[in-house]
Amino acid sequence: MREIGQYNQLALEQDAEGFVVYLWTREMGWSQEEVQVYAAHLRRELRSGRFHAYYPHRVLIGRKPEP
């Protein structure tokens, strides 16, 4: 489980800016620079270890049927 959490944290850190750009620029009216600063703060908080996020996650695994 720890390894899965590390991969999840890596994915969140790498996509933090992309995750918030749409909402903050289009809906909240922030500039691109403000979003970059916010994303940097978000990545720092994710790395701090003070928060332990929990959210439901579904995984779907499929296999091609044999002929």
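Residues numbered from 1 in each chain as written. Predicted model: local features only at pLDDT ≥ 70, side-chain atom pairs only at ≥ 80, totals over all residues. Heavy atoms only, no water.

Enquirer: Is there a simple way to think about the overall build of the protein chain in this case?
Expert: Along the backbone of the protein chain there are 3 helices and 0 strands. The helix and strand sequence of the protein chain, counted from the amino end, reads α-α-α. Against the 2.2 N^0.38 benchmark of 11 Å for 67 residues, the protein chain shows a C-alpha radius of gyration of 16 Å, more extended than a compact globule. Projecting the C-alpha coordinates of the protein chain onto the three principal axes gives extents of approximately 55 × 30 × 20 Å. Residue burial in the protein chain is summarised as follows: out of 67 residues, 9% are buried. Mean positive and mean negative side-chain charge positions of the protein chain (9 and 9 charges, respectively) differ by 7 Å. (Helix = DSSP H or I, 4+ residues; strand = E, 2+ residues; numbered from the N terminus. Rg over C-alpha atoms; globule rule 2.2 N^0.38 Å. Buried < 20%, exposed > 50% of the residue type's maximum accessible area, 1.4 Å probe, protein only. Lys, Arg positive; Asp, Glu negative; His and termini not counted. Charge placed at Lys NZ, Arg CZ, Asp CG, Glu CD.)

Enquirer: What am I meant to see in the pattern of salt bridges here?
Expert: Here the structure, examined in full by the defined rule, presents 1 salt bridge. In this structure, the salt-bridge partner of glutamate 45 is arginine 50, at a minimum N-O distance of 3.1 Å. (Salt bridge = Lys/Arg side-chain N within 4 Å of Asp/Glu carboxyl O.)

Enquirer: Would you take a moment to explain the packing of helix α2 (residues 16–27) against helix α3 (residues 32–48) for this structure?
Expert: Pairs of packed helices are described in terms of their axes, by the angle between the two and the distance that separates them. Where α2 meets α3, the axes come as close as 9 Å, and the angle between the chain directions of the two elements is 135°. As summarised for this structure, α2 and α3 are arranged oblique, according to the angle between their axes. Relative to α3, the crossing made by α2 is right-handed. Along its contact with α2, which presents Ala16, Glu17, Val20, Val21, Trp24 and Thr25, the element α3 presents Gln32, Val35, Gln36, Tyr38, Ala39, Leu42 and Arg43. (Axes fitted to C-alpha atoms, helices over the stretch in contact; angles between N-to-C directions. Parallel < 35°, antiparallel > 145°, perpendicular 65-115°, else oblique. Left-handed = near helix turned anticlockwise from the far one by under 90°. Contact = heavy atoms within 4.5 Å.)

Enquirer: Looking at this structure, I do not really get a nonpolar patch on the surface. What am I missing?
Expert: Taken together, the side chains of Tyr22, Leu23 and Met28 make up a nonpolar region of the molecular surface, amounting to roughly 320 Å² of accessible area. As for its placement among the helices and strands, methionine 28 is situated in the loop between α2 and α3. (Patch = residues over 30% accessible without salt bridge, like charges linked within 9 Å, V, L, I, M, F, W, Y side chains within 5 Å. Areas by Shrake-Rupley, 256 points an atom, 1.4 Å probe, with all protein chains shown as cover.)

Enquirer: Sorry, what's going on with the environment of glycine 49 here?
Expert: Among the secondary structure elements, glycine 49 is positioned in the segment after α3. Taking C-alpha positions, glycine 49 is 43 Å from proline 65, a pair spaced 16 residues apart along the chain.

Enquirer: It is not clear to me how α3 should be interpreted in this structure. Could you clarify?
Expert: Each α-helix winds once per 3.6 residues, and so residues spaced three or four apart point in a common direction. The first and last C-alpha atoms of α3 sit 24 Å apart over 17 residues, in line with the 24 Å expected at 1.5 Å per residue. After α3 finishes, the residue glycine 49 shows a positive phi value of roughly 85°. (Expected span 1.5 Å × (residues − 1).)

Enquirer: Looking at this structure, I do not really get the confidence of the model for the protein chain. What am I missing?
Expert: Parts of the model with low pLDDT should not have their predicted coordinates read in detail. Mean pLDDT over the protein chain works out to 82, with 96% of the residues at or above the 70 mark. Confidence, read as mean pLDDT per element, is least for helix α1 (residues 2–14) in the protein chain (80) and greatest for α3 (86). (pLDDT = per-residue confidence, 0-100.)

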